[in-house]
Amino acid sequence: MSGKADPRPAGEGTTSRARLDRGRGALGPALELVHTGRAPTRAVLTAELGVTRATAGAVAAELEALGLIRVDARPGAAAGSQGRPSHRLRVAEDGPVVLAAQVHADGFRAALVGLGGRIVATAPGCETIDADPAKVLGSVVEAGADLLRQTGRRCVGAGLAVPSAVAEPEGLALNPLHLAWPAGAPVREIFAGCVRAAGISGPAFAANDVNLAALAEHRHGAGRGARDLLCVATGHRGVGGALVLDGRLHSGSSGLALEVGHLTVNPEGRACHCGSRGCLDVEADPLALLTTAGRDPGPEVSLLQQANDLLREEYADPAVRTAAEALIDRLGLGLAGLVNILNPDRIILGGLHRTLLDTDPERLRAVVADRSLWGPSGGVPILPCTLDHNSLVGAAELAWQPVLDDPLGALTG
């Protein structure tokens, strides 16, 4: 409970508390519905939870007392609606935040993120990454702590996205090769220690960046409404994949599922750092596009930005077009194999893959359909990711999860 005095008559307050007691188990599901935009009104919340209107009202009131949502008691009626309009529900813009951090091959970024996937504040990104993960994570957490001091916001947790498979339950980054970090670096433990040392409240978590991008897109972006969602994306280097099943991230028995970057798509292709050849990781990432197009990568901006700019600004160049077609064919081959195994109902693409899709959507969809068991008639929708900084938003989702699971316990325990 919120601990605030109840100004209502004793009998009315007792009735309301009884309703809340019956609906207390619905606090988490209710918050998730508002957080993901699936319950914009109290009427929708009532229907989604399968409770009485009075119980839904008590649940919404308690979430508002916790500072998590706002209830608008004076909404305008929708056009053509019948009866009394329902109260509108939205996340509290001035409510708690979480610290979200992302580390990639070309730097790091820290942000404060509220409910609803809303980025409240960001710190200037760093463009160099030290080979010592403790130094990097200490710097990114300090950047987040500065944001908290500047904004005065309450922080309830922290999440970290890294370009590596993260083994559970230990939280070890097994292959952070693009960061030059040691294999098996205990990133969650290091991150949690930095969070505590900075005086930041709440639990700390770490996970793979593409997994977190998929989670964010499923809740707030291009993956909303999908039951079985496949996400494939480039980072600044390499290729990653993730799968959301029935609304939950599928991470396998130890957090290592969907390492799609090491699917072989060209047996005679480039040597991969995993020891194989022709992996998606080295055949369809930003560096592969630049080198295939005969361009020397420069140090001025990230490889991802250089590759995206090349496609957007110089696609008319025959060498660039040929390189793009080669990457699309490799990517399509990998996606078709994943479709045959996983049978998703939607595919979303991020990073350079999003730009490749925008550049020549018909070619990519044709390659996937040609290689798929179901052909064009069973084609899976292939869409671009829509969120800016989706891995960062996903890191925030990781930190928000304990609050979504148990709002009362997480905020008052």
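Keep in mind that what you see is a predicted model, and the values were worked out from it rather than measured. (Residues numbered from 1 in each chain as written. Predicted model: local features only at pLDDT ≥ 70, side-chain atom pairs only at ≥ 80, totals over all residues. Heavy atoms only, no water.)

(A) Highlighting the domain arrangement of the protein. Considered domain by domain, the protein is made up of domain 1 (29-71 + 89-94), domain 2 (97-211 + 391-412) and domain 3 (225-386). Here domain 1 and domain 2 have C-alpha centroids that lie 28 Å from each other. In this assembly, twelve residues from domain 1 lie in contact with 13 residues from domain 2. Interface area, domain 1 with domain 2, both sides summed: about 1000 Å², of which 67% is carbon and sulfur. Counting across the interface, domain 1 meets domain 2 through zero salt bridges. In this assembly, domain 1 and domain 2 are joined by four residue pairs in polar contact (both at pLDDT 80 or more). Among the secondary structure elements, those contributing two or more residues to the side of domain 1 that touches domain 2 are α2 (27-35) and α4 (53-65). Here the side of domain 1 that touches domain 2 takes four residues from α2, the largest share from any one element. In the side of domain 1 that touches domain 2, the residues fall into seven nonpolar, one polar and four charged. (Domains from an automatic or database assignment. Contact = heavy atoms within 4.5 Å. Buried area = accessible area lost by both parts, 1.4 Å probe. Salt bridge = Lys/Arg side-chain N within 4 Å of Asp/Glu carboxyl O. Polar contact = N/O pair within 3.5 Å; in protein donor to acceptor, adjacent residues only side chain to side chain. Helix = DSSP H or I, 4+ residues; strand = E, 2+ residues; numbered from the N terminus. Nonpolar A, V, L, I, M, F, W, Y, C, P; charged D, E, K, R; others polar.)

(B) The packing of α2 against helix α14 (residues 390-405), seen in detail. One way to put it is that α2 packs onto α14 with a least axis distance of 8 Å and a crossing angle of 140°. Classified by the angle between their axes, α2 and α14 sit oblique to one another. Taken together, the residues of α14 that come into contact with α2 (itself represented by G28, P29, L31, E32 and H35) are E397, Q401, V403, L404 and D405. Classifying every residue of the contact of α2 with α14 gives four nonpolar, three polar and three charged. (Axes fitted to C-alpha atoms, helices over the stretch in contact; angles between N-to-C directions. Parallel < 35°, antiparallel > 145°, perpendicular 65-115°, else oblique.)

(C) The pairing of strand β10 (residues 228-234), seen in detail. Most of β10 sits out of view: seven of its seven residues are buried. Alternating positions in β10 separate into two faces, D228, L230, V232 and T234 on one and L229, C231 and A233 on the other, with burial throughout. Both β10 and strand β11 (residues 239-245) contribute to a ladder of seven bridges, which runs antiparallel. If you follow D228 over to β11, its bridge partner there is L245. Between the antiparallel neighbours β10 and β11 lie four residues, among them G238 with a positive phi of about 80°. Alignment of β10 against strand β13 (residues 346-350), held across five bridges, turns out to be parallel. (Buried < 20%, exposed > 50% of the residue type's maximum accessible area, 1.4 Å probe, protein only. Pairing = 2+ DSSP bridges.)

(D) Main features of the sheet that holds β13. Strand order across the open sheet formed by five strands is β12-β11-β10-β13-β14, with mixed pairing between neighbours. Unpaired on one side and paired on the other, β12 (248-250) and β14 (382-384) mark the two borders of the sheet. Across this sheet, the average inter-strand angle for adjacent strands is 30°, counted without regard to direction. Against the sheet, helix α12 (residues 352-359) contacts β10, β11, β13 and β14, and its axis sits at roughly 110° relative to β13.

(E) Geometry of the confidence of the model for the protein. In the predicted model, the protein carries a mean pLDDT of 89, and 91% of its residues have values of at least 70. Within the protein, the element-level pLDDT minimum falls on helix α1 (residues 10-23), averaging 52, and the maximum on helix α6 (residues 187-197), averaging 98. Counting contacts from residues 1-12, a segment whose pLDDT is below 50, to residues more than four positions away or on other chains yields 13 contacts. A low-confidence stretch, residues 77-81 (pLDDT under 50), is modelled with one contact involving residues beyond four sequence positions or located in other chains. (pLDDT = per-residue confidence, 0-100.)

(F) How the structure looks around the pairing of strand β6 (residues 155-162). Along β6, eight of the eight residues are buried, which leaves the element largely enclosed by surrounding structure. Judged from the five bridges that link them, strand β3 (residues 97-104) and β6 form a sheet pairing that is parallel. By the bridge assignment for β6, L99 is matched with A158. Here β6 pairs with strand β9 (residues 204-208) via five bridges, running parallel. Counted as the bridge partner of L160 is A206 from β9.

(G) Up close: the side chain of E397. Tracing the backbone through its elements, the reader meets E397 in helix α14. A residue is classified by how much of its surface remains accessible, and E397, at 1% relative accessible area, is buried. At 2.9 Å, the side chain of E397 and the side chain of H35 are in polar contact.

(H) Summary view of the pattern of salt bridges. Per the counting criterion, the structure on display carries 15 salt bridges. Linking E142 and R149 is a salt bridge whose minimum nitrogen-to-oxygen distance equals 2.6 Å. For R270, the salt bridge goes to E283, with nearest N and O atoms at 3.5 Å. Of the two residues, R270 sits in the loop between β12 and α8 (280-283) while E283 sits in helix α8, which places them 13 residues apart along the sequence. The class of E283 is buried, set by a relative accessible area of 5%.

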